[in-house]
Amino acid sequence: MTYVEDELNSQPECWTRAAAEAARHTAALPAAGERVAIVGCGTSYFMAQSVASLREDAGLGETDAFAASEFPRGRAYDRVVALTRSGTTTEVLELLAALRGSARTVALTADPGTPVMTAADDVVVLDFADERSVVQTRFATTALTLLRAHLGLHTGTVVADARTALAAELPEGLVERTQFTFLGRGWTVGLANEAGLKMREASLSWTEAYPAMEYRHGPISISTAGTATWMFGEAPEGLAEQVRETGALWVPGGLDPLAELVRAQRLAVAVAASRGLDPDRPRHLSRSVILAP
């Protein structure tokens, strides 16, 4: 078993622990009514998109998500949340340094022995969800689970669905497809983006991700008998039928969307295996992007 397989299989236990620990981090995490930005790079940026949408839709305050390198330095926030598994990512550390004294900052990380521990005002350490694989799975989803629990949006159904996602067979014929499109709505757009990234990283697949209503505005033109379109959450009316009419495989999202992401992680590993690739050693990638001065 690869590291990434072992780590993605451990997600139900990690989520359960994160949800149980959320209450003790209340002081460090955004309070209702605060104006908040959530930042990250790569996978962490896509988790930031999901959390920002969840928080704002819950009426808890204006919430934005940015890639750390694209943070608008002239915009004022009460609190900035940084997601960084490694605690060493250059763009995140530089942003936290620039924000010191102007906004309260909190970092969610997996490694307590890294520079982020002193770069942020507050730190939440999820070391039990750290990973050996370059490809992120359980840290990202565990951080999102902790933040969902903080927002009052986590239930036991999420963990149960994750166990189902790990046990159920993938749809017949899915691994053999040559192109994969992931769709989301609201907070699941970030999950769709992350599913596409996982497939690219682990299996070198051609993947795309879009807000579901945007799929009709051009991207559906690539749908054909060799492609698959996977929906995270409830699909817009009529879209499934339109995709099936193209000959593409339609994959409905019947589980909690975060558990659907677990299924997509499994697909990435399965496609990698079918192509003779090692998902623990993705091409041109490292665990953390550290830029030379």
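Please refer to the structure higher up on the page.
Residues numbered from 1 in each chain as written. Predicted model: local features only at pLDDT ≥ 70, side-chain atom pairs only at ≥ 80, totals over all residues. Heavy atoms only, no water.

As for the overall build of the protein chain
For step 1, the next point in the chain: When its secondary structure is counted, the protein chain shows ten helices and nine strands.
For step 2, the next point in the chain: For 293 residues, the compact-globule estimate of 2.2 N^0.38 gives 19 Å, and the protein chain sits close to it at 18 Å.
For step 3, the next point in the chain: For the C-alpha atoms alone, the extent of the protein chain along its principal axes is close to 55 × 40 × 40 Å.
For step 4, the next point in the chain: A total of 293 residues make up the protein chain; the buried ones form 58% of that total.
For step 5, the next point in the chain: In the protein chain, once contacts between residues fewer than 6 apart in sequence are set aside, the share between residues at least 24 apart is 71%.
For step 6, the next point in the chain: For the protein chain, the accessible surface area stands at approximately 12000 Å², while carbon and sulfur atoms represent 51% of it. (Helix = DSSP H or I, 4+ residues; strand = E, 2+ residues; numbered from the N terminus. Rg over C-alpha atoms; globule rule 2.2 N^0.38 Å. Buried < 20%, exposed > 50% of the residue type's maximum accessible area, 1.4 Å probe, protein only. Contact = heavy atoms within 4.5 Å. Areas by Shrake-Rupley, 256 points an atom, 1.4 Å probe, with all protein chains shown as cover.)

A closer look at the pairing of strand β6 (residues 179-184)
For step 1, the next point in the chain: Of all six residues that make up β6, six are buried, and the element is covered over most of its length.
For step 2, the next point in the chain: Burial of β6 is two-sided: the residues Q179, T181 and L183 facing one way and the residues F180, F182 and G184 facing the other way are all buried.
For step 3, the next point in the chain: Pairing analysis gives six bridges linking β6 to strand β7 (residues 206-211), with the strands arranged parallel. Bridge assignment links F180 to a residue of β7, and that residue is T207.
For step 4, the next point in the chain: In this region the chain leaves β6, passes through helix α8 (residues 188-203) and returns to the parallel neighbour β7; the handedness of that crossover is right-handed.
For step 5, the next point in the chain: As defined by bridge partners, β6 adjoins strand β8 (residues 227-231) across five bridges and the pair is classed as parallel. Within β8, the residue paired with T181 across the bridge is T229. (Pairing = 2+ DSSP bridges. Right-handed = clockwise from strand over helix to strand, strands pointing away.)

Concerning the side chain of H25
For step 1, the next point in the chain: Locating H25 in the fold gives a position in the loop between α2 (11-21) and β1 (36-40).
For step 2, the next point in the chain: In contact with H25, other than residues within four places in its own chain, are V124 and L146.

Some points on the packing of helix α3 (residues 43-57) against helix α6 (residues 138-150)
For step 1, the next point in the chain: Interaxial distance between α3 and α6 falls to 10 Å at its minimum, and their mutual angle equals 20 degrees. Taken together, the axes of α3 and α6 lie roughly parallel to each other. The element α3 and its partner α6 pack so that their crossing is right-handed. Touching T43, M47, S50, V51 and L54 of α3 are A140, L144, L147 and R148, all from α6. (Axes fitted to C-alpha atoms, helices over the stretch in contact; angles between N-to-C directions. Parallel < 35°, antiparallel > 145°, perpendicular 65-115°, else oblique. Left-handed = near helix turned anticlockwise from the far one by under 90°.)

A word on the sheet that holds strand β3 (residues 79-84)
For step 1, the next point in the chain: Read across the sheet, five strands follow the order β2-β1-β3-β4-β5 without closing on themselves; strand pairing throughout is parallel. Of all the strands in the sheet, just β2 (63-67) and β5 (122-125) have a single pairing partner and so form its edges. Each strand of the sheet is rotated relative to its neighbour by a mean of 20 degrees, with strand direction disregarded.
For step 2, the next point in the chain: Sheet strands in contact with helix α4 (residues 90-99) are β1, β3 and β4 (104-109), and its direction is about 160 degrees off that of β3.
For step 3, the next point in the chain: Its contacts with the sheet put α6 on β3, β4 and β5, and the angle it makes with β4 is roughly 135 degrees.

Considering the sheet that holds strand β9 (residues 249-251)
For step 1, the next point in the chain: If you walk across this open sheet you meet the four strands as β7-β6-β8-β9, and the pairing is parallel. Both edges of this open sheet fall to β7 and β9, since each of them pairs with a single strand only. In this sheet, neighbouring strand axes are inclined to one another by 20 degrees on average, regardless of whether the strands run parallel or antiparallel.
For step 2, the next point in the chain: Across the sheet, α8 lies against β6 and β7, angled at about 160 degrees from β6, the strand it touches most.
For step 3, the next point in the chain: Relative to β8, helix α10 (residues 257-274) is tilted by about 155 degrees, and along the sheet it contacts β6, β8 and β9.

Regarding the side chain of S223
For step 1, the next point in the chain: Tracing the chain through its elements places S223 in the loop between β7 and β8.
For step 2, the next point in the chain: There is a polar contact of 2.6 Å between the side chain of S223 and the side chain of Y215.
For step 3, the next point in the chain: In contact with S223, not counting residues within four places along its chain, are Y215, T229, T246 and A248. (Polar contact = N/O pair within 3.5 Å; in protein donor to acceptor, adjacent residues only side chain to side chain.)

Re the pattern of salt bridges
For step 1, the next point in the chain: Going through the model one piece at a time under the given rule, you end up with 13 salt bridges.
For step 2, the next point in the chain: One salt bridge connects D121 with R100, and the closest N-O pair in it is separated by 3.5 Å. Linking D121 in the loop between α5 (116-119) and β5 with R100 in the loop between α4 and β4, this pair joins segments that are 21 residues apart in sequence.
For step 3, the next point in the chain: Assessed through its relative accessible area of 28%, D121 is described here as partly exposed.
For step 4, the next point in the chain: Judged by relative accessible area, which is 44%, R100 ranks as partly exposed.
For step 5, the next point in the chain: Two residues, E260 and R263, come together in a salt bridge whose shortest N-O distance is 3.0 Å. (Salt bridge = Lys/Arg side-chain N within 4 Å of Asp/Glu carboxyl O.)

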